[in-house]
Amino acid sequence: MVVDSSIVTIDVLGGQTGAKKSSQENYTELADFEAAISATGYGRFNIFILLIAVFCCCASINETTTIAYILPSAQCDLDLTLQDKGMLNAITYMGMITSAFLWGYLADTLGRRDILGYGYILTGVFELACGFTQVFWLLLVFKYISGFISCGPFAVLMSYVSELHGIKHRARTMLAVGTFFSVGNIILPTIAWAVLTRSWTVTLIENTLELHSWHIFLLICAIPSLFGGILVYILLPESPKFLMSRGRNDEAMAIFRSIFHKNTGKGVHEYPIKSLIDELQQSGTSTGPKTVAVNGASSVPKSQGFAALKDGLSQIAPMLKRPHLENCCLVFLIQFGVLLSNNTLRLWLPEIFHMIAEYSGGAGNNLSTNQPPSLCEIIDASQAVKSFNSTHLGMDTTVPTVECVSKPPDGSVYMNTLIVGIVSFIGYFVAGSIVNRIGNRNLMICGLIFSGISACSLYFAMNMESVVAASSLCCALGSICSTSMLGIIANLFPTSLRTMTISLTLMFGRIGAMIGNLVFPYLLSLGCLPPFITIGSLFIAGGLGGLLLPRNTKIPLQ
């Protein structure tokens, strides 16, 4: 996923060997989770989960991306500078970073459904609040809070869906959910094209509360969060895997029977599983916190309060020792650079396309020559105008300034962004067809190098078509490579470290995305070369760093 939209197709419940063996056992004996969930079959309930997941995936994409689309429309209303735009793009990631560990703890304490339901609903509430803001600082506060909250359901979604499917259908379901994130990147620019290119004003309180097109866009984009959260909380059950890990087998059995009834149409009494293993008892007793490791499944802390938090932090200790320390540092640095580059370029594309559209519409034609202007000429001209205005604004001078006039952005801004999303969507299918042949490691190395070359080529882009082509290739490959990295981690680290490593990798990626969006406007103010060369260099450095990853990634825990 671009972490905000990456596909994670990891079997969070452990290996297949134990599951297959378990599912073949006599149903009269104690059944483990894999046997119990497989016995529920596949049908209407699973399809219903996927339909709800569409709303949840779109909600997660909207949370990290909507601000990028409103910047051209809101810059006059909010009096935004380039630095303000960078802060707005970065603030959601700040919220996610500060709450990452908290949500990991709450998900293993409160359960999956509550985190998803309440999390998406609260995220939607603060997204609605963003849709009513009239000043920059208040929008910044609301986006930080919504980012803080959205980190929880965003991280839990994939685990929750996987825990409601048997091993036969799990990988295919994860692929489908991952594709929904790509669909979200197509739906969002379509909504932006339909709303933001119109000049709408709704006056609620004269001279105090006025809603323009970008307000309406934010309000519409809050709907998936609210709708998805409500559907999860009202219509979906708690994860039976979570309940079994807590020793609540009676509740888990009731859910298994309900799923069986919805999928098959048979009565709940016909469910073939009669009793479940006691995972707490099977884990044994000790003076420390109880954990479960059935069929290779990841250990789940059974402590409560600060003891559970301490137990979670203790999982980091093995990562600081050989042979995992070098690999941890390497994957953290690569993901940091990849998401810094990819999410920075992706979130600034609407602004770049807006600069091109404004220049082509006449705002900067007086600065051009007989030759078609390059992207760099357009960016330099745009920065020259803004620098001129900032120098003379408010001064008693006869030199005229260019007034900021609020007008709808050209439709090409969002149509070009839509093309970038479609290319990424297609890219995932292409990558899925070749990844088994060349491997995740080689796919990531080649993809990052080509992505870096594409980013650097933006410096030489001479027209809109070349900008769209280079940025589409760059964003598609960057997103795919970010996903490949998470797949590499799944095999590179043992089960006991896998979840923690993925969580920290995502956190480093978000830190990179935050820093990139804060730094990009300063690089842009220096000229056209620094931002694109920096992004391209980080992509290429990540690809070269991938050469240092082990070819045989199935390394046992020492």
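Residues numbered from 1 in each chain as written. Predicted model: local features only at pLDDT ≥ 70, side-chain atom pairs only at ≥ 80, totals over all residues. Heavy atoms only, no water.

To continue, consider the overall build of the protein. Of regular secondary structure, the protein possesses 19 helices and two strands. Each of the 558 residues in the protein was classed as buried or not, and the buried ones make up 55%. Across the protein, contacts joining residues at least 24 apart in sequence account for 80% of those joining residues at least 6 apart. Here the protein displays about 23,500 Å² of accessible surface, and carbon together with sulfur accounts for 65% of that area. (Helix = DSSP H or I, 4+ residues; strand = E, 2+ residues; numbered from the N terminus. Buried < 20%, exposed > 50% of the residue type's maximum accessible area, 1.4 Å probe, protein only. Contact = heavy atoms within 4.5 Å. Areas by Shrake-Rupley, 256 points an atom, 1.4 Å probe, with all protein chains shown as cover.)

Further remarks concern the confidence of the model for the protein. Per-residue confidence for the protein averages 79 on the pLDDT scale, and 78% of its residues sit at or above 70. Highest mean pLDDT in the protein belongs to helix α8 (residues 213-221) (94); lowest belongs to helix α1 (residues 16-23) (40). Low pLDDT (under 50) marks residues 390-401, which in the prediction has six contacts with non-local residues, meaning those over four places away or in another chain. (pLDDT = per-residue confidence, 0-100.)

Let us now look at a nonpolar patch on the surface. Together, Tyr-42, Ile-47, Phe-48, Leu-51, Ile-230, Ile-234 and Leu-235 line one region of the surface with nonpolar side chains, adding up to about 640 Å² of accessible area. Sorting the residues of the nonpolar patch by element identifies α3 (44-74) and α9 (223-235) as the ones contributing at least two each. The class of Ile-234 is exposed, set by a relative accessible area of 60%. (Patch = residues over 30% accessible without salt bridge, like charges linked within 9 Å, V, L, I, M, F, W, Y side chains within 5 Å. Salt bridge = Lys/Arg side-chain N within 4 Å of Asp/Glu carboxyl O.)

Two cysteines, two sulfur atoms, one covalent bond between them: this is a disulfide. Applying the stated rule across the entire model yields zero disulfides. You can see Cys-58 has no disulfide; the closest cysteine sulfur is in Cys-57, sitting 7.0 Å from it. Cys-475 carries a free sulfur, and the closest cysteine sulfur to it, the one in Cys-474, is 5.4 Å from it. (Disulfide = S-S within 2.5 Å.)

Turning our attention to the packing of α3 against helix α5 (residues 112-130). Contact pair α3 / α5: the axes reach a minimum separation of 11 Å and the direction vectors enclose 40 degrees. Between α3 and α5, the interaxial angle falls into the category oblique. Handedness of the crossing formed by α3 with α5: left-handed. Taken together, the residues of α5 that come into contact with α3 (itself represented by Cys-56, Ala-59, Ser-60, Asn-62 and Glu-63) are Tyr-120, Thr-123 and Glu-127. Across the contact of α3 with α5, the residue classes tally to three nonpolar, three polar and two charged. (Axes fitted to C-alpha atoms, helices over the stretch in contact; angles between N-to-C directions. Parallel < 35°, antiparallel > 145°, perpendicular 65-115°, else oblique. Left-handed = near helix turned anticlockwise from the far one by under 90°. Nonpolar A, V, L, I, M, F, W, Y, C, P; charged D, E, K, R; others polar.)

Positionally, His-165 belongs in the loop between α6 (136-162) and α7 (167-195). We classify His-165 as buried; its relative accessible area is 1%. In terms of polar contacts, His-165 uses its side chain to reach the backbone carbonyl oxygen of Val-161, at 2.8 Å. Not counting chain neighbours up to four residues away, the residues in contact with His-165 comprise Ile-37, Tyr-42, Asn-46, Ile-49, Arg-170 and Thr-173. (Polar contact = N/O pair within 3.5 Å; in protein donor to acceptor, adjacent residues only side chain to side chain.)

The next thing to look at is the pattern of salt bridges. Note on pairing: side chains with opposite charge can pair once their charged atoms come close. The full count for this structure, using the stated rule, is four salt bridges. The closest approach of N and O atoms between Glu-351 and Lys-85, which form a salt bridge, is 2.7 Å. Here Glu-351, found in helix α14 (residues 324-363), pairs with Lys-85, found in helix α4 (residues 82-110); they are 266 residues apart in sequence, far enough to count as distant. Residue Arg-112 pairs with Glu-163 through a salt bridge whose shortest N-O separation is 3.3 Å. Here the residue Arg-112 occupies a position in helix α5, and Glu-163 occupies one in the loop between α6 and α7, the gap between them amounting to 51 residues. The same class applies to Arg-112 and to Glu-163, which are both buried.

Within this structure, the stated rule accounts for 13 aromatic pairs. A ring pair is formed by Tyr-144 and Phe-148, whose centres lie 6.4 Å apart and whose planes are at 45 degrees; its orientation type is tilted. Here Phe-148 and Tyr-144 lie together in helix α6, a separation of four residues that amounts to about one turn. Under the relative-accessibility criterion, Phe-148 is labelled partly exposed at 26%. Consider the rings of Tyr-459 and Phe-460, whose centres lie 5.0 Å apart with planes at 85 degrees: the pair is edge-to-face. Judged by relative accessible area, Tyr-459 falls into the partly exposed class, the value being 30%. The class of Phe-460 is exposed, set by a relative accessible area of 59%. Members of the aromatic cluster, joined through ring pairs, are Phe-33, Phe-256, Phe-260 and Tyr-271. Here the guanidinium or amino end of Arg-113 rests over the ring plane of Tyr-233, the centre of that ring lying 4.9 Å away. Here the guanidinium or amino end of Arg-198 rests over the ring plane of Trp-193, the centre of that ring lying 5.4 Å away. (Phe/Tyr/Trp six-rings, centres within 6.5 Å; stacked < 30°, edge-to-face > 60°. Lys NZ or Arg CZ within 6 Å of the ring centre and 35° of its normal.)

For the rest of this paragraph, the subject is the pairing of strand β1 (residues 201-205). In the sheet, β1 pairs with strand β2 (residues 209-212) via four bridges, with the strands oriented antiparallel. Note on β2: the bridge partner recorded for Ile-205 is Leu-209. (Pairing = 2+ DSSP bridges.)

Along the polypeptide, Asn-263 turns up in helix α11 (residues 249-264). For Asn-263, a relative accessible area of 12% corresponds to the buried category. Each residue touching Asn-263, except ones within four places of it in the same chain, is listed here: Thr-40, Gly-41, Tyr-42, Gly-43, Arg-44, Phe-45 and Asn-46.

Our next topic: the nonpolar core. Membership of the largest hydrophobic core comes to 135 residues, with the highest contact counts inside it found for Phe-217, Phe-256, Leu-375 and Leu-549. Among the elements that make up this core, the one with the highest residue count is α14 (16 residues). Each residue touching Leu-375, except ones within four places of it in the same chain, is listed here: Ile-352, Ile-356, Leu-458, Ala-461, Val-467 and Phe-532. Counting five residues, the second largest nonpolar core, distinct from the first, contains Tyr-428, Ala-431, Val-435 and Ile-480. (Core = buried A, V, L, I, M, F, W, Y, C linked by side-chain atoms within 4.5 Å.)

One full turn of an α-helix is made of 3.6 residues, so residues set three or four places apart face in the same direction. Between its terminal C-alpha atoms α6 stretches 40 Å, which fits the 39 Å expected from 27 residues at 1.5 Å a residue. The principal kink in α6, of about 35 degrees, is found at Val-156. (Expected span 1.5 Å × (residues − 1). Bend = angle between axes of the 7 residues up to and from the residue.)

Backbone geometry at Asp-79 places phi at a positive 55 degrees, although glycine is not the residue there. The topology assignment puts Asp-79 in the loop between α3 and α4. Accessibility expressed as a relative area gives 63% for Asp-79, which makes it exposed.

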